[in-house]
Structure formats: C-alpha cells, structure tokens
Amino acid sequence: MIDRFDLIIEVPEVTADLLLAPTANEPSHVIAQRVEAARAYATTRHNQGADCVNARLQPDQLADIINFDEDAALLLKTAVEQSHLSARAYHKIQRVARTIADLNAEAIISRATIAEALAYRAMPLLA
Amino acid sequence: MHALVQTIAFRGIDTIPVDVQVHIANGLPTIAIVGLADKAVAESRERVRAALSSIGLALPPKRIAVNLAPADVVKEGAHFDLPIALGLLIAMGVVSPDAIADRVVLGEALDGSIQQVSGVLPAAIAASASGQHLICPAACGPEAAWASGLDIIAAPDLVSLLNHLKGVQILSPPEPKYLSVDRNYPDMSDLKGQDTARRVLEIAAAGSHNLLMIGPPGAGKSMLAARLGGLIRTRPFREPHHSASMAALVGGGPRIRPDD
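Residues numbered from 1 in each chain as written. Chains lettered and ligands numbered in written order. Predicted model: local features only at pLDDT ≥ 70, side-chain atom pairs only at ≥ 80, totals over all residues.

1. Concerning the overall build of chain B
Right, so step 1: In terms of helices and strands, chain B carries nine helices and 10 strands.
Right, so step 2: Partitioning the contacts of chain B with sequence separation of at least 6, the portion at a separation of at least 24 is 65%. (Helix = DSSP H or I, 4+ residues; strand = E, 2+ residues; numbered from the N terminus. Contact = placed C-beta atoms within 7 Å.)

2. Section: the interface of chain B and chain A
Right, so step 1: With 34 residues of chain B at the interface, the matching set in chain A holds 35 residues.
Right, so step 2: Of all the elements in the fold, those that place two or more residues in the side of chain B that touches chain A are helix 7 (195-207), strand 10 (211-214) and helix 8 (221-227) of chain B.
Right, so step 3: No other element matches helix 7 of chain B, which puts 10 residues into the side of chain B that touches chain A.
Right, so step 4: Looking at the side of chain B that touches chain A residue by residue, the classes come out as 17 nonpolar, 11 polar and six charged.
Right, so step 5: Where strand 1 (residues 7-10) of chain A meets strand 10 of chain B, four bridges bridge the pair, whose relative direction is parallel. Counted as the bridge partner of Glu10 of chain A is Ile214 of chain B from strand 10 of chain B. (Nonpolar A, V, L, I, M, F, W, Y, C, P; charged D, E, K, R; others polar. Pairing = 2+ DSSP bridges.)

3. As for the pairing of strand 4 (residues 63-69) of chain B
Residue and element names in this part refer to chain B.
Right, so step 1: Residues Ile64, Val66 and Leu68 point to one face of strand 4 and are all buried, whereas Arg63, Ala65, Asn67 and Ala69, pointing to the other face, are not buried.
Right, so step 2: Bridge analysis of strand 2 (residues 14-25) against strand 4 gives seven bridges, and the strand direction is antiparallel. Along strand 4, the bridge assignment pairs His23 with Ala65.
Right, so step 3: Here strand 3 (residues 30-34) pairs with strand 4 via five bridges, running parallel. Bridge pairing in strand 4 places Val34 opposite Asn67. (Buried ≥ 20, exposed ≤ 12 C-beta atoms within 10 Å, placed from the backbone.)

4. Here we look at the pairing of strand 9 (residues 152-155) of chain B
Residues and elements named next belong to chain B.
Right, so step 1: Across the two faces of strand 9 the burial is the same, with Ile152 and Ala154 and Ile153 and Ala155 all buried.
Right, so step 2: Taken together, the four bridges between strand 8 (residues 133-137) and strand 9 define a ladder with parallel strand orientation. If you follow Pro137 over to strand 9, its bridge partner there is Ala155.

5. Section: the confidence of the model for chain A
Right, so step 1: For chain A, per-residue confidence averages 84 on the pLDDT scale, and residues scoring 70 or more make up 91% of the total.
Right, so step 2: For chain A, helix 3 (residues 59-65) of chain A is the element with the lowest average pLDDT, namely 79, and helix 6 (residues 111-119) of chain A is the one with the highest, namely 92. (pLDDT = per-residue confidence, 0-100.)

6. Brief notes about helix 6 of chain A
Residues and elements named next belong to chain A.
Right, so step 1: Buried residues of helix 6: Thr113, Ile114, Ala117 and Leu118, and no others. Along helix 6, the residues classed as buried sweep out an arc of 140 degrees about the axis, all on the same side.
Right, so step 2: Those residues of helix 6 that are buried lie in contact with helix 4 (70-82) and helix 5 (87-103). (Arc of directions from axis to C-beta.)

7. Re the confidence of the model for chain B
Right, so step 1: Looking at chain B as a whole, the pLDDT averages 85, with 92% of positions reaching at least 70.
Right, so step 2: Overall fold confidence for the complex sits at a pTM of 0.60, while the interface term, ipTM, reaches 0.91.

8. Some words on the packing of helix 4 of chain A against helix 6 of chain A
Residues and elements named next belong to chain A.
Right, so step 1: At a minimum axis separation of 7 Å, helix 4 and helix 6 run at an interaxial angle of 25 degrees. One element, helix 4, and the other, helix 6, form an angle in the roughly parallel class. Residues Asp71, Ala72, Leu75, Leu76 and Ala79 of helix 4 form the contact with helix 6, whose own contacting residues are Arg111, Thr113, Ile114, Ala115 and Leu118.
Right, so step 2: For the contact of helix 4 with helix 6, the residue count by class is seven nonpolar, one polar and two charged. (Axes fitted to C-alpha atoms, helices over the stretch in contact; angles between N-to-C directions. Parallel < 35°, antiparallel > 145°, perpendicular 65-115°, else oblique.)

Structure (structure tokens):
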C-alpha cells in the first residue's frame, strides 16, 4: 500500500523557536506562480494534452520524456539496488524527479534532482 | 400568447435539452410551473416575479402556465430562472421570439441581475454541438467561452440582455479565462517552519502527485493539506473525517451535479 504513494514525508513537530519566529513564509500566490510555470513547462515538453500530468505518465511516456545525465542514472540504479525498490517505486521516483526538474525548468534530470526525489520516499519511517 | 425558450437540464455533466414553454391565457391570475421541477425550480416563480418587477414590469393578471418539456426528466437547479423570465417576456410581447430562436438560455435571476450558475461549460459544449448559441450570466461568460463555434451572450443583468437582444446596446463576447472566483484557501504564509513539507507540497501541486504526510498530532499536516488548493487553482479541498467509511466517501446523494 505504502509503495503506491509518490511522495512520503515526515512532518515533524514545530519547535518553539520556529513558532515564535516573526518571519513569514512564502505566500501561496508566489508558490502558485511557480507551480503554474512548471505545469506549463511540462505541457510544452510532452504534447499529450493539458491533462497529462507527470503523476500519470505511463512507462512508455517516461522512457520518451525522461533524460538523465550519467550521474543521475547511476544514483538511481544504486538506490534501486541498495534499497530494494520495486519497479513501481522506480517509476514513481522518475515521475517525481521529472516534476522537480520541471519546477527548475531543466530538460535533463540531474543527480541532485534524483537525490531530492529519493529523499521524499521516507520509507525508513515506516519500517 | 405562447412562447418557447430552450435550456438544458443536467444529468451528471451530461446535458438534456429542455424546452421552456410559457403560455398565458385568460383566467384567474396564477403562475404554475409544471414538468418535474424540483424545489429550486418551483421557487423560480418567485424569483422571476421579483426579477420582472425590478425592471418595471408586472406579470399580467392572467393564468400563466410554464411547462418544462420533456416532462419526464427531473429538472434541478436555479438556472431555469432566466429561460422562464425570457419566456414570459416573449409571451408578454416585450422580446421578439426571433431574438433567441437558436439560443440555449441559462441563468439565475432575482433582482434584475443575472447570477452565476454551475454547469455553463457543458451547456455551451452541448449548444455548440447542436449548432445553437448561448445566453448565460456574465460571471459565467469566461467559462462558456472555452467552448468554440458558438456565439455567446454573457449578460450581467436583465436590462442589458434586453438591450442587446433589441440591438440597442451590444454586449461584447466573453474571452475564455480560468475562474477567478477565489475559493478562499488559507495561505501558505500561515505556516511556521516545515520547509521540507512546503517544498514537497509545491512538487505535489506541480505534478499532481499523491502525498503521504506522517507526523505527530499538531505538526501541521492538515494545515498543509488545506493549503494545497491555493497552489493549484480550481481544486476543491475535502476534509473527510478519518473514520468515514468507503461508502460515505464515494457514495451519497441520488445524483451528481456539476461543480462538485
């Protein structure tokens, strides 16, 4: 069941220091602009129609769309081997990495992007 | 005196063409709406009366029958106000029947203004498919304009609609736009800390990824989830109780309606 999530994160308790901090975080409309830009970037990349979002990319589309650089491919391979990731997880990581790259407006997925995508599968939490 | 205006009823997001037939005859002054109208449609009698009086017209003291055909389809929603009002105006001789001959009409009316209704886009697509045109509330114009191949009149109020139909003052056709109605989501700036979670929420919004948040009570998981809607427009946020059964989540209600 847990394998079926794209993103799994831990939301820790907020420390008193942070709660009392006067600084305000980014407002929604700023983030919404980045989200919209990423979605626009994604639609120009694959001409599958506006509804085709990264989360629903099929494996054959993934193969067409996803470009890793060498380091990234190596990291993904190592992660799959060492963490015994399922084939499903392997695809999900690619989709999430694609979204992160979209947010950065990068055509090619870098090692850092794969690393970030891997970090959002907090499976150890559940073990 | 007889008039016919075309509108639609919804079954899910499918549309069923409905004719609003208005007949004014001599007799005791009454107004009756027949044709499987539900409560909201039956109440349209009072709204239409108010709408006409707001533009300085009184219903004729005659026997008025409004039939919604086909009579075996259940009609729900407030969007029948405008077709009924226009039907009355035609039957009263205020509007020429030719003005709306090939138009599908929908909108809610109370005071002279025409209120937003849901389901305008499916209505516009259906009208376009059958080679008809559309009259809808001004607030829904940008939504209707996504359908192509039809002429849309998006009127803010009855007076401007009548002026447009008479050719006195022409309304400009609407441009397609995303709904600007803000669903008033809480803002991300309310959150303290949770940098990772905020970043992940952004990723989830950008790629429509599903997301599982794990953490102690009070950490802000629900606060985060409630704010997702503010990052991707037009996604409603539902907060089912954790003990809600599967049937409670997916079931409920005899019919689904547009806008939910």
